[in-house]
Each structure stands twice: as structure tokens, then as C-alpha cells.
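Descriptive analysis of the structure
Each chain, written out:
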Amino acid sequence: MIEREVLVRSDAGVHARPAMMFVREAMKYPCEVFLIKDNVEANGKSIMSVLGLAITSGSRLIVRARGENEESAVAKLVSLIENDFKN
Amino acid sequence: MHAKKIFIRDLRDADSKIDLQMELVAGKDGLGKEITVGDINRPGLGLAGFFDFFAYDRIQIFGLGETAFMRRLSPEQKREVFEKFFSFEVLCCVFTHNEHPDEMFVEFANRYRVPTFVTRHRTTRFISLLTHVVEEFFSPLVVMHGTLVDVFGVGVLLMGKSGVGKSETALELIERGHRLVADDMVEVRKIDESLLMGNGSEIIRHHMEIRGLGIINVRDIFGIRSIRNRKRIEMVVLLEEWAEGREYDRLGIDEKRYTILDLDVPYITVPVRPGRNIPIIIETAALNQRLKKMGVFSARELDGRIQNWMRMEGERSDD
């Protein structure tokens, strides 16, 4: 299992479109992906789950992956968040 | 573990069946204080001047006795008592029976940022309601990745890998008249050490993502009868892609258990493959679960009947 902490800087927070970008990217990896905010763990491959976290600008998140390709998944997803969800 | 910190404002905004009917009358600036202990305190002794063992960090309940006592104090006495009372870091105060605190109290509460509420409830009633609400706040919580549906009154938690068809199954169940509680992310609380209560994240409540459609609002599309806010979890159904060669339960004589927060929930695995009508299997499983709860266990009963019959046959051929 690999995990990394990341700070959300984009002003609008994680609304529908960024959530979709994240999930779409997560789906490319075979491993399980989780997004964690305030101890609440969301399934990183589910849009509703990610939206349910209500991630605002300034939120601290943990990106966690478990399984095949976990390292590249976490690296890619963290950089996606750091780059304001621009690919 | 409970996931979130609990603040005083959460008492007022509690998303619960229980309405505490709390109206804020003073100390607005203190609403963001954290509640760390779920207990209450009656401050009568303190008002009378005895502050040893004063449990200032609990919710202070002022009943008819306390308000009557304060009314009998002269302004000087009152000021003296309040100085002492508020010199502790009092968490918050609630006046019952719709009794409003006087001006001096309000002034002190504002100055010391002690949220003060008035409730219509009687004292005993309020304390029992508050205990319920607070216990729920402090109850162990886990977030499950599944879909919770009320099927014939049985809370069924659908689990399985993403893409196996949990949401589609739930959609079909809703279409057949059952109710969605939460999709994809279910907050499960253990209440009274005996039951598991599930609800959805408030912000995405009753929305679903259906691949090919996107996000839909179940309440808007199917109406009020298609949803509920919370439901006790009574069985877990794991949806699994049909694997050739895997052994599936053919009898249902042994009950399997799924453990959530140390509580065991009846659990079945349903293999999924195209053309298999999963919703009707889940409906039947839910009804079967109700039967079992009433003490009727079909698989065991049939087995008993067969064994009985075989015994009788055996006796007959012995003759």
C-alpha cells in the first residue's frame, strides 16, 4: 500500500468536473484507489463517493492505492490534484 | 472511531429524527466549540455556591429548579454567582420549559462565549432526547463502499467491486418500489452496541451515478416514495462476477456472517452474469431474511422434512 498527502489548492474545490477527472484517471489503474479526507475514506473510482467528501479548497487529502501499479497511480493522481486537475 | 469532531452547533443542526427544539439566545461566538464529553450536568449546586467537582465541560441543563432559584437571588448575589460560574470554561447551557435566561445571564454568556439555548421540552424529556442525539454523535462510525436499499423493509447493503452493477441493481429495485438510502458511500454507525444504522453523505444524498447516464437525482425522478434517509442494515449482499468453477451456495443451510464494527450481519454472495435477474434474487433474499427473523428457516425445514421422511421410510422397510 502506498499513500501520499496532498493539499487542494484549486479555488472551486473538487466539484463535479474535477471529481470526474480524478475518477477517470484512477480507473486507468488496476489497483484499488482511495481518497481520504478527515478520516473518511472514499472510493477513488466512484464519482459519487469522491463528491461525497465535499472537498473544498484548502482541504488536506490522502491519496492511497493498494495493488498492482500502486506507485504510479498515487504519483499520477497526486500530480493531478497539485496541477488543479489539468492534465 | 468517530470521523468528525463534534461542535456545539451540531446539536442545533443535528440531522436526526429527534428535534431538540433548541433556540440560541446567547453566546453565538462559542458555537464552534468542540464537545468532547457526551454527558450533562445540572448546575444547581454551583448556583448555590458549591463549585467543588463542577463538571463545567459538560452540557449544563437549567431546569425549573435552577431558574426559580436564580430568580430569588438579588442582583448582587446573582452577579457574584455568575462571575464564579462563568470563570470556569463552561461548555454550553440549555434552559428547559421554554424559560428564558434573564438579561444578566445573557450578558455573561455573550461575554464568555458560552452558547446558551432555550428549549420547549421538559427537563427529563430533553435530557433523554439529548442523550440519544449525543450518543449517535459519539457512536462508532465506518464508511462502507456499497449501496444501501430498503427492500420490503429489510435494509440490504449491496457490496462488490466497482463495475459489477451495484447502482444498476439498486436502480431496478427502486423501479420496483423499493427505497434508496445511499449509493456508493454509506456511513454506518453502531447504535447501542446492538444495531447498525446506515445513511448517505448529506451532500450527495439520493444521487446516483449510472454509467452512460451520468449523475441522476433519484428523489426527483422517482419521487418521495423511492427514498429514505436512514435504515438499519440487516443483511449484506455481495455481488460478484460469475466465475466458472467457483462453488456457490446451493442450499443456504449455513448462515454466513459479515462483520461490520464488530457486529455480525447475515451475508450472501450473489453471482452476477448477463441475463440474470439480480433484483428479483435480492427481493427474494430480503423476504427470506424476514422469514428467518420470524423463525422460519426454509432450507433447514426442508432438510428436516426430508430426514424425517427418510427415517420413516427406513422404519417401514424394517418391518
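Heads up: the structure comes first, above all this text.
Residues numbered from 1 in each chain as written. Chains lettered and ligands numbered in written order. Predicted model: local features only at pLDDT ≥ 70, side-chain atom pairs only at ≥ 80, totals over all residues. Heavy atoms only, no water.

Side chains on a regular strand alternate between the two faces of the sheet. Residue and element names in this part refer to chain B. Pairing between strand β12 (residues 207–210) and strand β13 (residues 214–217): 4 bridges, direction antiparallel. Bridge pairing links E209 to I215 in β13. Counting the residues in the hairpin turn of β12 and β13 gives 3 residues, including G212, whose phi is positive at 100°. (Pairing = 2+ DSSP bridges. Helix = DSSP H or I, 4+ residues; strand = E, 2+ residues; numbered from the N terminus.)

All names here are of chain B. Structurally, K78 is set in helix α4 (residues 75–87). Separated by 27 residues in the primary sequence, K78 and F105 have C-alpha atoms spaced 8.9 Å apart. Every residue in contact with K78, bar those within four places of it in the chain, is listed here: M70, L73, D102 and M104. (Contact = heavy atoms within 4.5 Å.)

This part is about the packing of aromatic side chains. Residues and elements named next belong to chain B. If you walk through the whole model with that rule in mind, you get 18 aromatic pairs over all chains. On the basis of an interplanar angle of 85° and a centroid distance of 6.3 Å, the ring pair of F82 and F86 is categorised as edge-to-face. Of this pair, F82 and F86 are both found in helix α4, 4 residues apart, which corresponds to roughly one turn of the helix. Taking the centre distance of 5.7 Å and the plane angle of 75° together, the rings of F82 and F108 count as edge-to-face. Separated by 26 residues along the polypeptide, F82 in helix α4 and F108 in helix α5 (residues 103–111) bring together distant segments of the chain. In this structure an aromatic cluster arises from ring pairing among F51, F54, Y56, F62, F82, F85, F86, F88, F95, F105, F108 and Y112. The ring of F108 is capped by R111, whose NZ or CZ atom sits 4.9 Å from the centre of that ring. In this arrangement the basic side chain of R300 is found over the ring face of F297, its NZ or CZ atom lying 3.9 Å from the centre. (Phe/Tyr/Trp six-rings, centres within 6.5 Å; stacked < 30°, edge-to-face > 60°. Lys NZ or Arg CZ within 6 Å of the ring centre and 35° of its normal.)

Residue and element names in this part refer to chain A. Helix length check: helix α1 (residues 16–27), at 12 residues, gives a terminal C-alpha distance of 16 Å against a target of 16 Å (1.5 Å per residue), a fit within 8%. For α1, the set of buried residues is P18, A19, F22, V23, E25 and A26. The buried residues of α1 occupy an angular sector of 160° when projected down its axis, which confines them to one face. Across from the buried face of α1, at angles greater than 90 degrees, the exposed residues are R17 and R24. Contact partners of the buried residues in α1: β2 (32–37), α2 (47–52) and α3 (70–82). (Expected span 1.5 Å × (residues − 1). Buried < 20%, exposed > 50% of the residue type's maximum accessible area, 1.4 Å probe, protein only. Arc of directions from axis to C-beta.)

Counting 32 residues, the largest nonpolar core has A:F22, A:L35, A:V63 and A:I81 as the members making the most contacts within it. Put simply, the parts of the chain that give this core at least two residues each are α1, β2, β3 (40–43), α2, β4 (60–66) and α3 of chain A. Take this core: its biggest share by element is 6 residues, from α3(A). Look past the residues within four positions of A:I81 in its chain and what remains in contact with it is A:V6, A:L7, A:V8, A:F22, A:L35, A:L61 and A:V63. Counting 25 residues, the second-largest nonpolar core is a separate cluster that includes B:V156, B:A170, B:I227 and B:I278. (Core = buried A, V, L, I, M, F, W, Y, C linked by side-chain atoms within 4.5 Å.)

Attention now moves to the packing of helix α7 (residues 166–175) of chain B against helix α9 (residues 278–293) of chain B. Residue and element names in this part refer to chain B. Interaxial distance between α7 and α9 falls to 9 Å at its minimum, and their mutual angle equals 70°. In terms of orientation, α7 and α9 fall into the roughly perpendicular class. Between α7 and α9 the crossing geometry is right-handed. When α7 is examined against α9, the residues T169, E172 and L173 are found in contact with a partner set consisting of I278, P279, I282 and E283. For the contact of α7 with α9, the class distribution of residues is 4 nonpolar, 1 polar and 2 charged. (Axes fitted to C-alpha atoms, helices over the stretch in contact; angles between N-to-C directions. Parallel < 35°, antiparallel > 145°, perpendicular 65-115°, else oblique. Left-handed = near helix turned anticlockwise from the far one by under 90°. Nonpolar A, V, L, I, M, F, W, Y, C, P; charged D, E, K, R; others polar.)

Right, let's talk about the sheet that holds β3(A) for a bit. Residue and element names in this part refer to chain A. Spatially, the 4 strands line up as an open sheet ordered β1-β4-β2-β3, and their pairing is antiparallel. Pairing within the sheet leaves two strands with one partner each, and these edge strands are β1 (2–7) and β3. The average angle at which neighbouring strand axes cross in this sheet is 25°, direction not considered. Judged from the 5 bridges that link them, β2 and β4 form a sheet pairing that is antiparallel. Residue pairing across strands places E32 opposite R66, the latter belonging to β4. Sheet strands touched by α3: β1, β2 and β4. Its angle to β1, the strand with the most contacts, is close to 5°.

Moving on, we come to the sheet that holds strand β5 (residues 116–119) of chain B. All names here are of chain B. In space, the 5 strands of this open sheet follow the order β1-β5-β4-β3-β2, with mixed pairing throughout. The sheet is open, and its two borders are formed by β1 (22–26) and β2 (40–41), each paired with just one other strand. Across 3 bridges, the pairing between strand β4 (residues 92–95) and β5 is parallel. Bridge pairing links F95 to V118 in β5. On the sheet, α5 packs against β1, β3 (59–62), β4 and β5 and is oriented at approximately 85° with respect to β1.

Time to look at the interface of chain A and chain B. Interface size is commonly expressed as the accessible surface area that is lost when the partners come together. Contact residues are listed per partner, giving 17 residues for chain A and 16 residues for chain B. Taken together, the two surfaces of chain A and chain B that pack against each other cover about 1,400 Å², and 67% of this comes from carbon and sulfur. Taken together, chain A and chain B are joined by 0 salt bridges. Inspection of the chain A/chain B interface yields 4 residue pairs in polar contact (both at pLDDT 80 or more). Elements that contribute at least two residues to the side of chain A that touches chain B include exactly β3 and α2 of chain A. Of the residues forming the side of chain A that touches chain B, the biggest block, 5 residues, is contributed by α2(A). A per-class count over the side of chain A that touches chain B returns 9 nonpolar, 5 polar and 3 charged. (Buried area = accessible area lost by both parts, 1.4 Å probe. Salt bridge = Lys/Arg side-chain N within 4 Å of Asp/Glu carboxyl O. Polar contact = N/O pair within 3.5 Å; in protein donor to acceptor, adjacent residues only side chain to side chain.)

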